[in-house]
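# Notes for the structure review
Listed here are the chains, written in short residue letters.
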Amino acid sequence: MVRIIAVFLIAFLNFSDTDTDTDGKVIARQGKVSFFSHTSVEDIKAENNQVLSVIDLKKKEIAVSMLMNAFIFEKALMREHFNESYIESDIYPKAVFEGEIIDFDPVAKGEQTRMVKGLFTMHGVSKELEIKIRIVNDVSGYVVSGTFETLVKDYNINIPPLLAGNIAKSISIDFRFEYEPYED
Amino acid sequence: MPPKSSWGVLFAYLGYKKSDINTSFDYFIKGGNMRRSSLFSCALVLMIAMLCILGCNDPLNGDLTSVQPSNVYTVTQLISESRSAKKTDGQEVIAVKGTVHEVNTVNGRNTILLKGDMADEAFVICDMNTNQSTTAPSVKRGDSVLIKGLLKGILKDVIMLNCVVVKTE
């Protein structure tokens, strides 16, 4: 009888502890990516709240995709410049990142700080990136967040000399993704 | 007087060269042909007004309540047409009718997810306009709604911004 109760308890504890199948995939449909440019002339910030990301927990791979025209700016004119003159979102509508989370343990609960290494493609330019990310795995699922800096010139973005003072050479990018289980 | 760099931006829009700017300022500062400087002032005022209209009052950047949608779709139609790349404008105001799958405030944004009858799990994600802060939470899962918004494109789901609820059933 004791054995039966013990087996039952172990089975129950294992079942209740497993919120996500760690061999499967998780998806964030409403990931947030924001950027900030600071110069003495003006600060420019924008955010995109519908960034898609999928993590393959078995392969420890992460993919991120976002629509460049879905960034929200404080001023319509900033959005217009961003889409039409700099990012050319009609020609390059998406930015994509595909990479691997190094030493990621999908089973571990709590917080992990890991490096993600992969290829970021924006404005038709692909660049290898290594970014430090914070992964939190709790009852609500996985949350991945981080910050990195990128240079405007690396992505072949032309800024007219007259506007060069308004846009920082290095842009700070923040991201946060809340994942839920995903079936293909 | 705005900072010099702001003037630089403005004059870039006007199509003036730096030498033109200096010459024009000379008219103001040192005095010159009054008629020419008046014309210049008028052009400047008109240009500032235009920039304000473009920058501050772009209807597609704000409230779409009074904007007529170019078309009305069901969720399934919209996802299907977006996937076949028929819809990539990014500035088209459309209306979509469907069943509410989820109402959430992820990232502090009022968002409504509409579901269709696609075989895979794809939604229309409606990022609600800030003027919908009372309307959006009153919408419940399972409601049939008609939502108007700016169609941005598709990733896995169709994305619409500045959305307003037109009708709830």
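Residue positions are counted from 1 within each chain, in the order its sequence is given. Whichever chain is written first is A, and whichever ligand is written first is 1; the rest continue in order. Side-chain atom pairs in this predicted model are given and counted only at pLDDT of 80 or more, local residue features only at pLDDT of at least 70, and totals for whole chains, interfaces and linings cover all residues. Processing note: side-chain calculations cover all non-hydrogen atoms of the structure and skip hydrogens and water entirely.

Only DSSP runs of H or I covering at least 4 residues are called helices, and only runs of E covering at least 2 are called strands; the numbering of each starts at the N terminus. Scanning chain A for helices and strands turns up two helices and 10 strands. For chain A, the α and β elements follow one another from N to C terminus as α-β-β-β-β-α-β-β-β-β-β-β. Exposed residues in this analysis have more than 50% of their type's maximum accessible area, buried residues have under 20%, and partly exposed residues fall in between, with area computed by a 1.4 Å probe over protein chains only. Burial status across chain A gives 46% buried among its 184 residues. Two residues form a contact once any of their heavy atoms are found within 4.5 Å. Long-range pairs, those at least 24 residues apart, make up 60% of the contacts in chain A with a sequence separation of at least 6.

The α-helix advances 3.6 residues per turn, and as a result positions three or four apart in sequence lie on the same side. Residue and element names in this part refer to chain A. When you tally the buried positions in helix 2 (residues 76–86), you get eight out of 11 residues, the bulk of the element. Among the residues of helix 2, those classed as buried are Ala76, Leu77, Met78, Arg79, His81, Phe82, Asn83 and Tyr86. Looking one or two places after helix 2, you find glutamate 88, whose phi comes out positive at around 50 degrees.

A low pLDDT means the predicted coordinates there should not be read in detail. When pLDDT is averaged along chain B, the result is 77; 63% of the residues meet or exceed 70. Every residue is assigned a pLDDT by the predictor, reflecting its confidence on a scale from 0 to 100. Confidence drops under pLDDT 50 across residues 13–17 of chain B; counting only partners more than four residues distant or on other chains, this segment forms nine contacts.

Moving on, we come to the pairing of strand 5 (residues 94–101) of chain A. All names here are of chain A. Alternating positions in strand 5 separate cleanly, Ala95, Phe97, Gly99 and Ile101 being buried on one face and Lys94, Val96, Glu98 and Glu100 remaining unburied on the opposite face. Across seven bridges, the pairing between strand 3 (residues 61–67) and strand 5 is antiparallel. Within strand 5, the residue paired with valine 64 across the bridge is phenylalanine 97. Strand pairing is assigned whenever DSSP detects at least two bridges linking the two strands. Bridge count between strand 5 and strand 6 (residues 110–122): six bridges; the pairing is antiparallel. Each residue of the ladder has a partner; that of glutamate 98, found in strand 6, is leucine 119.

Residues and elements named next belong to chain B. Buried within helix 4 (residues 75–83) we find Val75, Leu78, Ile79 and Ser82. In an axial view of helix 4, the angular spread of the buried residues amounts to 95 degrees, which keeps them on one side of the axis. Residues of helix 4 that are buried in the fold lie against strand 1 (72–74), strand 2 (92–104), strand 3 (111–115), strand 4 (123–128), strand 5 (144–154) and strand 6 (158–168). Downstream of helix 4 by a residue or two, alanine 85 has a phi angle that is positive, lying close to 60 degrees. Each direction from the helix axis to a C-beta atom contributes to the arc, which is the arc of those directions.

Right, let's get into the pattern of salt bridges. For salt bridges, the criterion is a side-chain nitrogen of Lys or Arg within 4 Å of an Asp or Glu carboxyl oxygen. Overall, the coordinates contain eight salt bridges over all chains when judged by the stated rule. Across the salt bridge formed by Glu121(B) and Arg29(A), the nearest N and O atoms sit 3.4 Å from each other. A residue pair is termed interchain when its members come from two chains, as with Glu121(B) in the loop between strand 3 and strand 4 and Arg29(A) in strand 1 (residues 25–38). Overall, Arg29(A) belongs to the buried group, its relative accessible area being 6%. Residues Lys32(A) and Glu47(A) are paired through a salt bridge, measuring 3.5 Å at the closest nitrogen-oxygen approach. Of this pair, Lys32(A) sits in strand 1 while Glu47(A) is found in strand 2 (residues 43–56), placing the two residues 15 residues apart along the sequence. For Glu47(A), a relative accessible area of 22% gives the class partly exposed.

Glancing now at the side chain of Lys156(B). Tracing the chain through its elements places Lys156(B) in the loop between strand 5 and strand 6. In this structure the side chain of Lys156(B) is engaged in a polar contact, spanning 3.5 Å, whose partner is the backbone oxygen of Glu121(B). What Lys156(B) contacts, discounting residues up to four positions off in sequence, is Ile27(A), Arg29(A), Leu52(A), Tyr182(A), Arg83(B), Asp120(B), Glu121(B) and Ala122(B). Pairs of N or O atoms within 3.5 Å make up the polar contacts considered here, provided that, within protein, one atom can donate a hydrogen while the other can accept it, and that residues adjacent in sequence are counted only when both atoms are side-chain atoms.

It is worth spelling out the nonpolar core at this point. Core analysis: the largest hydrophobic core is formed by 43 residues, its most contacted members being Phe35(A), Ile55(A), Phe71(A) and Tyr179(A). Among the buried residues, those of types Ala, Val, Leu, Ile, Met, Phe, Trp, Tyr and Cys that are joined through side-chain atoms within 4.5 Å form a nonpolar core. By size, the runner-up hydrophobic cluster in this structure holds 23 residues, among which are Ile79(B), Leu151(B), Val158(B) and Cys163(B).

The topology assignment puts Val107(A) in the loop between strand 5 and strand 6. Overall, Val107(A) belongs to the exposed group, its relative accessible area being 55%.

The next point concerns the packing of aromatic side chains. Residue and element names in this part refer to chain A. Side-chain rings of Phe, Tyr and Trp, where Trp is taken by its six-membered ring, are said to pair if the distance between their centres is within 6.5 Å; with planes under 30 degrees apart they count as stacked, over 60 as edge-to-face, and otherwise as tilted. According to the stated counting rule, one finds 10 aromatic pairs over all chains in the structure shown. Consider the rings of phenylalanine 35 and phenylalanine 82, whose centres lie 5.4 Å apart with planes at 25 degrees: the pair is stacked. Taken together, the residues span a long stretch of sequence, with phenylalanine 35 in strand 1 and phenylalanine 82 in helix 2 at a distance of 47 residues.

Residues enter a patch when their relative accessible area is above 30% and they make no salt bridge; the linking distance is 9 Å between like charges and 5 Å between nonpolar side chains (Val, Leu, Ile, Met, Phe, Trp, Tyr). Method for areas: the Shrake-Rupley scheme with a 1.4 Å probe, in which residue coverage is limited to the protein chains shown. None of His or the chain ends enter the tally, which takes Lys and Arg as positive and Asp and Glu as negative. Taken as the charge location is NZ of Lys, CZ of Arg, CG of Asp or CD of Glu. A contiguous patch of negative charge, built from Glu61(A), Glu98(A), Glu100(A) and Asp103(A), is present on the exposed surface. The partly exposed category is assigned to Glu61(A), whose relative accessible area is 39%.

All names here are of chain A. Its location among the elements puts histidine 123 in the loop between strand 6 and strand 7 (125–138). When its relative accessible area of 6% is taken as the criterion, histidine 123 is described as buried. A polar atom in the side chain of histidine 123 sits 2.7 Å from the side chain of glutamate 88. In this structure, histidine 123 is in contact with Tyr86, Ile87, Glu88, Tyr92, Tyr155, Asn156 and Ile157, ignoring residues within four places of it in sequence.

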